[in-house]
Amino acid sequence: QVQLVESGGGLVQPGGSLRLSCAASGRTFSNYAMAWFRQAPGKEREFVAAIPWSDGTTYYADSVKGRFTISRDNAKNTVSLQMNSLKPEDTAVYYCAADRYGLGDPRKSRYDYWGQGAQVTVSS
């Protein structure tokens, strides 16, 4: 079992920045690909960013490329999502997810473990 806990959500104005963090516990964190997904009201949960277990390659949805950065710290068992130039359409609940020996697949069905979610609201 892997337990994931997100933090860092909140309310921010358009153009602002937020940093989400996800703390993992339970199994060897470095063996898991980590990803962020988000779900806006009335919409499907969608892929945002991922980082594989094996190297520092990163993957992003086109909608966030150039604005968001995913990173991991295996020594601290954490994965972060730095979000810059936020837009109202980035408003959603953001979920951290883990996939054992994953390569950063964008399909949510690949991920076995999920956090409880963190609300991000972008509004003036």
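Up top is the structure.
Residues numbered from 1 in each chain as written. Predicted model: local features only at pLDDT ≥ 70, side-chain atom pairs only at ≥ 80, totals over all residues. Heavy atoms only, no water.

**Student:** Looking at this structure, I do not really get the pattern of salt bridges. What am I missing?
**Tutor:** Once the charged atoms of two side chains with opposite charge are near each other, the side chains can pair. On inspection of all chains with the given rule, the structure shows seven salt bridges. One salt bridge connects Asp 99 with Arg 110, and the closest N-O pair in it is separated by 3.3 Å. Within this pair, whereas Asp 99 is found in strand β9 (residues 92-100), its partner Arg 110 is found in the loop between β9 and β10 (113-114), the two being separated by 11 residues in sequence. Salt bridges sharing common partners tie together Arg 38, Glu 46, Arg 67 and Asp 90. (Salt bridge = Lys/Arg side-chain N within 4 Å of Asp/Glu carboxyl O. Helix = DSSP H or I, 4+ residues; strand = E, 2+ residues; numbered from the N terminus.)

**Student:** Looking at this model, I keep getting lost on the packing of aromatic side chains. Mind explaining?
**Tutor:** Given two aromatic rings, one states the distance between the centres and the angle between the planes to describe the pair. Under the counting rule described, the total for this entry stands at six aromatic pairs. Centre to centre, the rings of Tyr 111 and Trp 114 are 6.3 Å apart; their planes meet at 65 degrees, and the pair counts as edge-to-face. Since its relative accessible area comes to 5%, Tyr 111 is described here as buried. Ring-pair connections join several aromatic residues into one group, and the members of that group are Phe 37, Phe 47, Tyr 111 and Trp 114. One cation-aromatic arrangement involves Arg 45 over Tyr 95; the distance from NZ or CZ to the ring centre is 3.6 Å. Between the NZ or CZ atom of Arg 72 and the centre of the ring of Phe 29, over which it lies, the distance is 4.6 Å. (Phe/Tyr/Trp six-rings, centres within 6.5 Å; stacked < 30°, edge-to-face > 60°. Buried < 20%, exposed > 50% of the residue type's maximum accessible area, 1.4 Å probe, protein only. Lys NZ or Arg CZ within 6 Å of the ring centre and 35° of its normal.)

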